[in-house]
Amino acid sequence: DKLHQLLQALPKCEHHVHIEGTISPELFFRLASKNGITLPSDDPAFESPAALHARYQNFTSLDDFLHYYFVGFSALINASDFEALTYDYLALAYSQNVYHAEIFFDPQAHISRNVPYHTIIAGMNAAKARAAVDFPKLSIEFIPCLLRHLPVPSAHELLDELLASGHFFDGTLVGFGMSSTELGKHPSLYKSVYDSARAAGVSNFTAHYGEEGPSDYVKDALSLLNVSRIDHGRRSAEDADLVAQLAESATMLTLCPLSNVILKGVDRMQDIPIREFLDANVRFSINSDDPAYFGGYIQENYCAVQEAFGLTVDDWGKIARGAIAGSWCSSSRKEQLL
Ligand code: ADE
Ligand code: ZN
């Protein structure tokens with residue numbers, strides 16, 4: 001209907017998409033074959049792209065998804081693989097009128113396979129350079145995430161390598177985040193990593209919390225890690241004081257509605273506290289997370305929210321303006337996006 005057309009035309013900002021979460025089963029099989037990668041033989045899901053796609057309909061939890069997500073990494077070897085993956089995402093996002101994209105990637109899970117950090121960034125930068133020509137209205141930023149299923153010292157090693165690259169200070173990397181499994185991974189575990197990064201001059205911080213984990217993790221991430229954003233943050237709604245704090249501090253939640261439904265964080269889209277966050281003036285954006293796994297890119301997420309909540313044009317204006325204000329780009333770029 002008319003609102004869906006408006007949502008397609010609306011200039012969008014995407015703040016929560018993992019580039020490795022954009023690898024389709026077809027591309028995974030193609031790259032694995034090209035690179036001579038052996039697929040897991042003990043899981044019938046890897047018999048064909050169709051079987052893998054079917055398996056994605058039956059995720060039971062974040063950790064169940066993460067198993068498949070990290071197998072997907074194994075096909076990514078050369079800079080050209082990262083370039084193709086990134087360029088294809090940017091082309092699709094641009095077709096949905098994404099004008100500003102901040103893209104997560106997980107260096108530790110590549111470096112541990114002997115794919116160097118500079119290979120990843122070379123491929124992603126090559127895609128960004130082509131996008132500057134082909135998608136002139138699109139600004140692009142990259143954000144590395146530390147991985148919580150790995151030991152904390154590995155996160156310190158990652159930070160050291162990223163700092164040594166100089167990429168936080170030359171415009172290559174816009175900030176620092178963390179992702180992967182959540183339950184049992186309290187923010188206090190990572191305080192020393194975030195403190196070191198801040199002391200070294202890194203300026204924008206975020207962290208995945210409140211996806212499966214309790215609202216206390218969100219509260220403690222704000223106080224211990226000093227993040228200016230929370231990725232997901234859905235369960236913040238369970239704590240009224242936290243909701244007020246998020247509104248007061250203009251902390252942006254990067255919500256991922258289809259992801260929450262597919263990973264069984266909620267039973268139904270209607271259970272995501274979109275209305276509560278709007279009414280409490282909590283800033284949030286709507287994002288795709290891992291679109292190749294969850295059955296939709298940003299436009300499908302916007303439409304699913306509209307179907308579930310029947311928002312007004314004014315609601316969408318508020319969401320769109322909040323997403324621009326919460327973006328990690330210059331104030332002059334924000335003016336252009338408005
Ligand atoms: N890595 C990729 N997608 C993720 C998610 N939804 N939660 C935590 N880590 C992730
Ligand atoms: Zn995520």
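Criteria and cut-off values
- Residues numbered from 1 in each chain as written.
- Chains lettered and ligands numbered in written order.
- Predicted model: local features only at pLDDT ≥ 70, side-chain atom pairs only at ≥ 80, totals over all residues.
- UniProt positions renumbered as here; feature names shortened; annotations may be inferred.
- Helix = DSSP H or I, 4+ residues; strand = E, 2+ residues; numbered from the N terminus.
- Contact = placed C-beta atoms within 7 Å.
- Buried ≥ 20, exposed ≤ 12 C-beta atoms within 10 Å, placed from the backbone.
- Pairing = 2+ DSSP bridges.
- Axes fitted to C-alpha atoms, helices over the stretch in contact; angles between N-to-C directions.
- Parallel < 35°, antiparallel > 145°, perpendicular 65-115°, else oblique.
- Left-handed = near helix turned anticlockwise from the far one by under 90°.

Visitor: Please clarify how the UniProt feature "binding site: Zn(2+)" (unreviewed entry) in the protein chain should be interpreted in this entry.
Guide: The sites that UniProt annotates as "binding site: Zn(2+)" (unreviewed entry) are His-16, His-18, His-208 and Asp-289. For this annotated set, covering 274 residues, all C-alpha atoms fall within 11.8 Å of each other, a compact arrangement in space. By the element assignment, His-18 lies in strand β1 (residues 12-18). Among all residues touching His-18, those that are not within four sequence positions of it are Phe-104, Phe-105, Asp-106, Asp-289 and Asp-290. Mapped onto the secondary structure, His-208 falls in strand β5 (residues 208-209). The class for His-208 is buried, based on 29 C-beta atoms found within 10 Å.

Visitor: Even after reading the chapter, I still don't get the pairing of β1, so can you show me in this structure?
Guide: Every other side chain in a regular strand lies on the same face of the sheet, so the side chains alternate between the two faces. By the criterion of burial, β1 is predominantly enclosed, with seven of the seven residues buried. Judged from the five bridges that link them, β1 and strand β2 (residues 98-105) form a sheet pairing that is parallel. Across the sheet, the residue bridging to Glu-14 is Ala-101, located in β2.

Visitor: Can you help me understand the sheet that holds β5 in this one?
Guide: Across a sheet, strands are paired by hydrogen bonds formed along the backbone, either parallel or antiparallel in direction. Overall, parallel pairing links the four strands, which are arranged β5-β6-β7-β8 in an open sheet. Of all the strands in the sheet, just β5 and β8 (284-286) have a single pairing partner and so form its edges. In the sheet, strand β7 (residues 252-255) pairs with β8 via three bridges, with the strands oriented parallel. Paired with Thr-254 across the two strands is Ser-285, which belongs to β8.

Visitor: Mind showing me how you'd approach the packing of helix α5 (residues 79-95) against helix α7 (residues 117-134) here?
Guide: For any two helices packed against each other, one specifies the crossing angle of their axes together with the interaxial distance. The N-to-C vectors of α5 and α7 enclose an angle of 40°; their axes lie 7 Å apart at closest approach. Taken together, the axis directions place α5 and α7 in an arrangement best described as oblique. As α5 runs across α7, the sense of the crossing is right-handed. Listed contacts from α7 to Ala-79, Ser-80, Asp-81, Phe-82, Glu-83, Thr-86, Tyr-87 and Leu-90 of α5 are Thr-119, Ile-120, Ala-122, Gly-123, Met-124, Ala-126, Ala-127, Arg-130 and Ala-131.

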